[in-house]
Amino acid sequence: MNVLILGSGGREHAIAHKITQSDLLHQLFVAPGNAGTAQLGTNLNLDINDFDAIKEICLKNNIDLVVIGPEDPLVNGIYDYFKADESLKKIHIFAPSKEAAQLEGSKEYAKEFLIKNNIPTAKYKSFDIETLQQGYKFLDTLNPPYVLKADGLAAGKGVVILTNLKEAKKELSDMLTNKKFGKASNKVVIEEFLDGIELSCFVVTDGESYKILPFAKDYKRILDGDKGLNTGGMGSVSPVPFVDEVFYNKIKETIVKPTIKGLKKNNLTYKGVIFIGLIKVNNNPFVIEYNVRFGDPETEVVLPRITSDVLELFQKVASSNLKEYNLKITKETALTLMLVSGGYPEKYEKGKEIKGLNNITDSIVFHSGTKKDGDKIYTNGGRVFAITSFGNSIQEARTKSYKNAEKIDFEGKFYRKDIGLDLI
Ligand code: AMP
Ligand code: GLY
């Protein structure tokens, strides 16, 4: 098979890493990719939302399967674009339809889907500029903290949680009246605050069958103890020790099954991965959000734990044969630690030379934001590397990742010191 992966982060490097382990692979292309994916296949410079350019690349390179990392092309309808084009129809695409991608593209759409299908989630109401006054009144009825969510895609920044009622009202007005998040905040979902511990659940589905991939815990904030600003994710761990058999079955019965059934009932074509952001409240799972793609850095621990052929898995999902696939998972723990640029998630500098990559032992280093120039590798993003290690315990995996974090060197390097500690 010839495969094209769209994206340029650690998630895409982890996908490429797994795909190149498959005997089914002929040629791998990654667009635009990074210095890590360049070692595994051919990087192609491309705007991942330019579907005409993607079409040209697919036809020129006889691509059989397209796997998409980020949400934008999915929400913009890449699946529908492929299915509507005679010359692309035969290419398998691991993606939801444009309509189904609204589960991530619109918070209101996702909430309506959840409620309609009786899936546990926080109570909510949504408001637009016409109903701003009702929004204020609704906030008056809630207890703090207040959760306000821009309806549309806002590069992971659209959720604001405030403890002060006055500030919450001001935020609502900023979003609706002052278009704080542009078009994304034309509507705002206000919801009940859920207090609990979060985890990420990935379910692959071809619309009929589904498989639950290993669970992972993400560390979202920049500082130890989960303090400071929100980031794309500073590390992650899989499996999640607090998911015991009872809790696993609750997730399967009350969340995963109704989600798949809901897709079918609503004729939502889905041949990809559903990322269900969950929160455990009093031993019960609630859905915080749906994403229609793999998470990053969760992918850097989830995919390495799969011991069966991941390319075959993607192919079977995209061709509606998932039922035939035998998913195998290692019992070992995987932990990933993100190295980020100084200043991230706010302003940071790029183009810092990276040294020490040749000294790594016992870990897989996934590149997140790197660029090759001649023989040298430079930083090219806020998140720079995800260092993934295995162990028979979290402690064992941690020791390896932290040992290697010291060996990689670039100006401004920063990482959290507490990934996995809360789970030991
Ligand atoms: P989202 O983009 O919907 O995942 O929201 C970002 C983060 O905000 C989540 O990972 C949670 O930490 C937090 N969050 C979102 N909704 C709620 C809620 N209803 N209650 C508590 N925390 C929430
Ligand atoms: N790590 C969370 C995300 O990918 O959205």
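Above this text sits the structure in question.
The shown structure was predicted, so the numbers you read here are calculated from the model rather than taken from an experiment.

Caption draft 1: Focus on the overall build of the protein. Of regular secondary structure, the protein possesses 12 helices and 22 strands. Here the C-alpha atoms of the protein give a radius of gyration of 21 Å, agreeing with the 22 Å that 2.2 N^0.38 yields for 424 residues. Projected onto its principal axes, the C-alpha positions of the protein cover 60 × 50 × 45 Å. Excluding contacts between residues fewer than 6 apart, the proportion of contacts in the protein whose partners are at least 24 apart in sequence is 68%. Of the roughly 18300 Å² of accessible surface on the protein, 46% is carried by carbon and sulfur atoms.

Caption draft 2: Here's a closer look at the site of ligand 1. Neighbouring residues of ligand 1: 14 residues in total, closest E191, E192, L194, E198 and E289. Between a nitrogen atom of ligand 1 and a main-chain N or O atom of E192, the distance comes to 2.9 Å. Contact between ligand 1 and K220: an oxygen atom at 3.4 Å from a side-chain N or O atom of the residue. In the complex, the protein chains occlude 87% of the 470 Å² of accessible area that ligand 1 would expose alone. Of all the secondary structure elements, the ones that give two or more residues to the shell around ligand 1 are β7 (146-150), β8 (159-162) and β17 (284-291). Residues that form the shell around ligand 1 fall into these classes: seven nonpolar, no polar and seven charged.

Caption draft 3: Spatial organisation of the site of ligand 2. Around ligand 2, the structure places D218, G232, F275, R293, G295, D296, P297 and E298. In this structure, a nitrogen atom belonging to ligand 2 sits 2.9 Å away from a main-chain N or O atom of D296. Separating a nitrogen atom of ligand 2 from a side-chain N or O atom of E298 is a distance of 2.8 Å. A class-by-class count of the residues in the shell around ligand 2 yields two nonpolar, two polar and four charged.

Caption draft 4: Structural view of the sheet that holds strand β19 (residues 364-367). Strand order across the open sheet formed by five strands is β12-β15-β18-β22-β19, with antiparallel pairing between neighbours. The open sheet has two free edges, formed respectively by β12 (217-218) and β19, since each of these has just one partner strand. Across eight bridges, strand β18 (residues 333-340) lies against strand β22 (residues 383-391) in antiparallel orientation. Residue pairing in the sheet places A334 in a bridge with F390 of β22.

Caption draft 5: Summary view of the sheet that holds strand β9 (residues 187-191). The antiparallel open sheet is built from four strands, whose spatial order is β6-β9-β7-β8. Both edges of this open sheet fall to β6 (124-128) and β8, since each of them pairs with a single strand only. With strand direction ignored, the average angle separating the axes of adjacent strands in the sheet is 25°. Sheet topology note: the β7/β8 ladder contains four bridges and is antiparallel.

Caption draft 6: Summary view of the nonpolar core. In terms of nonpolar packing, the biggest core is built from 74 residues, with L4, L6, V66 and I276 touching the most fellow members. Among the elements that line this core, the one with the most residues is helix α9 (residues 245-265), at six residues. Apart from residues no more than four positions distant in its own chain, I276 is found in contact with L199, S200, C201, V203, I255, V256, T259, V287, E289 and Y290. The next biggest cluster of nonpolar side chains, apart from the first, holds 32 residues, and it includes I15, F275, L313 and A334.

Caption draft 7: Spotlight on the layout of surface pockets. The calculated volume of the second largest pocket comes to roughly 290 Å³. Lining the second largest pocket are 14 residues, with Q39, L357, N358, H367 and I377 positioned closest to its centre. For the lining of the second largest pocket, the secondary-structure elements that each account for two or more residues are β19 and β21 (376-379). The element contributing the most residues to the lining of the second largest pocket is β19, with three residues. The residue inventory of the lining of the second largest pocket, partitioned by class, reads six nonpolar, five polar and three charged.

Caption draft 8: Layout of the packing of aromatic side chains. The full count for this structure, using the stated rule, is 13 aromatic pairs. Their ring planes at 10° and their centres at 6.2 Å tell us that F94 and F294 sit as a pair that is stacked. Taken together, the residues span a long stretch of sequence, with F94 in strand β5 (residues 92-96) and F294 in the loop between β17 and α10 (299-302) at a distance of 200 residues. Across the pair, F294 and F94 agree in class, each one buried. Here the aromatic residues F94, F202, F275, F294 and F314 are joined through ring pairs into a cluster of three or more. Geometry around Y219 places K217 over its ring, the cationic atom sitting 4.0 Å from the centre. The ring of F247 is capped by K280, whose NZ or CZ atom sits 4.9 Å from the centre of that ring.

What counts, and where the lines are drawn
- Residues numbered from 1 in each chain as written.
- Chains lettered and ligands numbered in written order.
- Predicted model: local features only at pLDDT ≥ 70, side-chain atom pairs only at ≥ 80, totals over all residues.
- Heavy atoms only, no water.
- Helix = DSSP H or I, 4+ residues; strand = E, 2+ residues; numbered from the N terminus.
- Rg over C-alpha atoms; globule rule 2.2 N^0.38 Å.
- Contact = heavy atoms within 4.5 Å.
- Areas by Shrake-Rupley, 256 points an atom, 1.4 Å probe, with all protein chains shown as cover.
- Near = heavy atom within 4 Å.
- Polar contact = N/O pair within 3.5 Å; in protein donor to acceptor, adjacent residues only side chain to side chain.
- Nonpolar A, V, L, I, M, F, W, Y, C, P; charged D, E, K, R; others polar.
- Pairing = 2+ DSSP bridges.
- Axes fitted to C-alpha atoms, helices over the stretch in contact; angles between N-to-C directions.
- Core = buried A, V, L, I, M, F, W, Y, C linked by side-chain atoms within 4.5 Å.
- Buried < 20%, exposed > 50% of the residue type's maximum accessible area, 1.4 Å probe, protein only.
- 1 Å grid on protein atoms, 1.4 Å probe; cavity = no way out; pocket = protein on both sides within 12 Å on 5 of 7 lines; lining within 4 Å.
- Points joined across faces, edges and corners; volume = space filled by probe spheres on them.
- Phe/Tyr/Trp six-rings, centres within 6.5 Å; stacked < 30°, edge-to-face > 60°.
- Lys NZ or Arg CZ within 6 Å of the ring centre and 35° of its normal.

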